[in-house]
Amino acid sequence: MDEIYRHFEDFSNVSIFLAYNVNVDALKYLKYPKDVYGLIGDFNEEELISKIEEYPRVIENPLDFVSRLIHAMRSGKPVEVPIKNTPELDSYFNSMVYDEERIGGQVGIISNLLSILNLKKIIAYSPILSKKQSQMFNNSENLVFPTEFNGKLVLKKPIDSFGNDELKINRIFEYPENLSISLKNITVTSKRANRFIAASRPENLRIEVHENLKSHLSKIGKMVDCAILSGFQAIKQSYLDGKTSDYYLDNAIEDIKLLKSQNPDLKVHLEFASIQDIIIRKKIADYILPHVDCIGMDEAEIANIINSLGYSELSEGILKNSRLEDVIKASKILLEQYNLDGVQIHTLYYIMYICKKGGILSEESLEKTLEFATILASTKASLGEINTTKDLEVGLNTPYNKHGNLLKEIAKNISIQKEYEKYNIVLVPSRIVKNPKSTVGLGDTISSGAFVGYISELKKAKSKN
Ligand SMILES: Nc1ncnc2c1ncn2[C@@H]1O[C@H](COP(=O)(O)O)[C@@H](O)[C@H]1O
Ligand SMILES: O=P(O)(O)OC[C@H]1O[C@](O)(COP(=O)(O)O)[C@@H](O)[C@@H]1O
Ligand SMILES: [Mg+2]
């Protein structure tokens, strides 16, 4: 166990604010072809095949769902598609039998992880918190939910903070590698184990800090060292009451400014997700990225965001060939276009930082935080959940993937090229779990582990100077 402490010593010097998304993840394991055939049911196979090619970006009916699921399995990539919350579709998803329920959403997953990593304080916020969601948070002294009462900021455990709010459930479909199904004359085989998220989008869920709490954001900003913001993927172009995405994105910028107003050193990380709506994807980049310090995303997400910015060839190249050179190029575009301090990318084979040179952290410190993130990911992939730091032994004992040394070498060679002279490129190979228990939440786990490790190292380095 002591070996673990080579990778993270102590995060008790870090306090963090998290917003905006918590939900319940209902997981269904599609282990055998019959599980997928069960979902296909009586659909006409020709219609299904043409729907797969049509590629619906919102799930409006069961056929849209099954077609996007099969499309995702064929690619083996992480995918999230919003559902239209009609009574028919809600009852279709409600009628399925799920294997497990867990806390979900970046804020939910990250809160519970960080609570066991012994952070000083975690202030986790979601604009809706039903009783069931609140019960899924760890009941831990370092994890609180902010509310307002009689004009005062109140920080209580999530279990003591729920309201009469709507329950948000996302449906997660986990499939293994090499799961094969046949449709007419085609066979679809999953390239690798991954998850498909059918994300609920209730009309009343608005990605924002409630008006009465907003006046306390600067105080919250002063209490913490850093923040992770997430959940923007749930913003719609417009709502029935006339509000628009611009309204919520402008509000989020205001939130960041308030958080930093009394604590200019506060570092803000944005955790990306899969965003089907191309207009919203571009808006999130243009509105929010200039106001955050760093971002975390997976390979498909960086490809998609680069596509929205007009780099379609580079984007297609990443999606098709997963070349490290292309991912680094895309990261540099984001760093420069939005003046970010750092971009963290997680892929099946590596986790990588590209940061502006000149920070006080050494490459060794950065590498240490990524190392820790790979251990977290392989632990969660093996066990499904991380419940104690003792679990991390599982991740530590998972070997690096076989391409690790080559990837490190490629990254090193690229980092010494003239066009990257202003950047540190640090890559750590992943520890791939061959048959993961589940894959949902791995990205959130990696990003938060790496980011908090970074902040912790930064604080230690500053206190030595
Ligand atoms: N089977 C796996 N073993 C270890 N790490 C894995 C495995 N599958 C995925 N990962 C890591 O998790 C991220 C997923 O990120 P999302 O943001 O959830 O898409 C992937 O990039 C790998 O680094
Ligand atoms: O977009 P939403 O509805 O906020 O949900 C985000 C979804 O992403 C997750 O946070 C998982 O993300 P990752 O797999 O990328 O780590 C799920 O728990 C959740 O269902
Ligand atoms: Mg992710």
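Residues numbered from 1 in each chain as written. Chains lettered and ligands numbered in written order. Predicted model: local features only at pLDDT ≥ 70, side-chain atom pairs only at ≥ 80, totals over all residues. Heavy atoms only, no water.

Scanning the chain from N- to C-terminus turns up 17 helices and 17 strands. Here the C-alpha radius of gyration of the chain, 21 Å, is about what a compact globule of 465 residues would show, namely 23 Å. Along the longest, intermediate and shortest principal axes, the C-alpha atoms of the chain span 65 × 60 × 45 Å. When each of the 465 residues of the chain is scored for burial, the buried share is 59%. For the chain, the share of sequence-separated contacts (at least 6 apart) that also reach a separation of at least 24 residues comes to 77%. Just so you have it, the chain exposes about 19400 Å², and 49% of that area is on carbon and sulfur atoms. (Helix = DSSP H or I, 4+ residues; strand = E, 2+ residues; numbered from the N terminus. Rg over C-alpha atoms; globule rule 2.2 N^0.38 Å. Buried < 20%, exposed > 50% of the residue type's maximum accessible area, 1.4 Å probe, protein only. Contact = heavy atoms within 4.5 Å. Areas by Shrake-Rupley, 256 points an atom, 1.4 Å probe, with all protein chains shown as cover.)

By size, the foremost hydrophobic cluster in this structure holds 148 residues, and its most contacted members are Phe 173, Phe 232, Ile 288 and Leu 334. Those residues in contact with Phe 232 that lie beyond four places of it in its chain are Tyr 20, Ile 207, Leu 249, Ala 252, Leu 270, Ile 280, Ile 284 and Ile 288. Listed in part, the six residues of the second largest apolar core include Tyr 29, Ile 172, Ile 197 and Val 440. (Core = buried A, V, L, I, M, F, W, Y, C linked by side-chain atoms within 4.5 Å.)

The next point concerns the site of ligand 1. In the region of ligand 1, 14 residues are neighbours, and Asp 298, His 346, Thr 347, Val 433 and Gly 443 sit closest. Between ligand 1 and Thr 347, the relevant distance is 2.7 Å, taken from an oxygen atom to a main-chain nitrogen or oxygen of the residue. Val 433 places a main-chain nitrogen or oxygen 2.9 Å from a nitrogen atom of ligand 1. Isolated, ligand 1 exposes 500 Å² of accessible area, and the fraction of that covered by the protein chains is 91%. Looking at which element gives the most residues to the shell around ligand 1, the answer is helix H17 (residues 442-464), with three residues. The residue inventory of the shell around ligand 1, partitioned by class, reads eight nonpolar, three polar and three charged. (Near = heavy atom within 4 Å. Polar contact = N/O pair within 3.5 Å; in protein donor to acceptor, adjacent residues only side chain to side chain. Nonpolar A, V, L, I, M, F, W, Y, C, P; charged D, E, K, R; others polar.)

It is worth spelling out the site of ligand 2 at this point. Of all residues adjacent to ligand 2, which total 21 residues, the nearest are Asp 25, Glu 80, Lys 168, Gly 441 and Asp 444. Between an oxygen atom of ligand 2 and a main-chain N or O atom of Gly 105, the distance comes to 2.9 Å. Within the side chain of Asn 170, one N or O atom sits 2.9 Å away from an oxygen atom of ligand 2. If ligand 2 stood free it would expose 480 Å²; the protein chains cover 97% of that surface. Those elements that provide at least two residues to the shell around ligand 2 are strand E2 (23-29), helix H5 (105-116), strand E8 (169-175), strand E11 (194-199) and H17.

This part takes up the confidence of the model for the chain. If pLDDT is low for a region, its predicted coordinates should not be looked at in detail. Residue-level pLDDT values for the chain average 96, and 98% of them are 70 or greater. Note on the complex model: pTM 0.97, ipTM 0.99. (pLDDT = per-residue confidence, 0-100.)

A few words now on the sheet that holds strand E17 (residues 423-429). Each strand in a sheet pairs with another by means of backbone hydrogen bonds, the pair being arranged parallel or else antiparallel. If you walk across this open sheet you meet the 10 strands as E7-E6-E5-E1-E12-E13-E14-E15-E16-E17, and the pairing is mixed. A strand with exactly one partner marks an edge of an open sheet, and here the two such strands are strand E7 (152-156) and E17. Ignoring which end each strand starts from, the neighbouring axes of this sheet average 20° apart. As defined by bridge partners, strand E1 (residues 15-19) adjoins strand E5 (residues 121-125) across five bridges and the pair is classed as parallel. (Pairing = 2+ DSSP bridges. Axes fitted to C-alpha atoms, helices over the stretch in contact; angles between N-to-C directions.)

A few words now on a nonpolar patch on the surface. A contiguous nonpolar surface patch, about 210 Å² in accessible area, is contributed by Leu 348, Tyr 349 and Ile 432. Counting through the fold element by element, Leu 348 comes out in the loop between strand E15 (342-346) and strand E16 (350-356). Taking relative accessible area as the criterion, Leu 348 reaches 32% and is therefore assigned partly exposed. (Patch = residues over 30% accessible without salt bridge, like charges linked within 9 Å, V, L, I, M, F, W, Y side chains within 5 Å. Salt bridge = Lys/Arg side-chain N within 4 Å of Asp/Glu carboxyl O.)

On to the pattern of salt bridges. Two side chains of opposite charge can pair, provided their charged atoms sit close to one another. This model, assessed by the stated rule, comprises 32 salt bridges. Across the salt bridge formed by Arg 206 and Asp 241, the nearest N and O atoms sit 3.0 Å from each other. You can see Arg 206 sitting in the loop between E11 and helix H7 (211-214) and its partner Asp 241 sitting in the loop between strand E12 (226-229) and helix H9 (245-261), a full 35 residues away along the chain. For Arg 206, a relative accessible area of 11% gives the class buried. In this structure, the salt-bridge partner of Lys 418 is Glu 421, at a minimum N-O distance of 3.2 Å. Looking at Lys 418, the relative accessible area reads 62%, which means it is exposed. Classification of Glu 421 by relative accessible area gives partly exposed; the value is 44%.

Locating Gly 395 in the fold gives a position in helix H15 (residues 392-396). Judged by relative accessible area, which is 0%, Gly 395 ranks as buried. Put simply, Gly 395 and Asp 241 are 154 residues apart on the chain and 48 Å apart in space, counted from C-alpha to C-alpha. When residues no more than four places from it in sequence are discounted, the contact partners of Gly 395 are Ile 375, Ser 378, Thr 379 and Arg 431.

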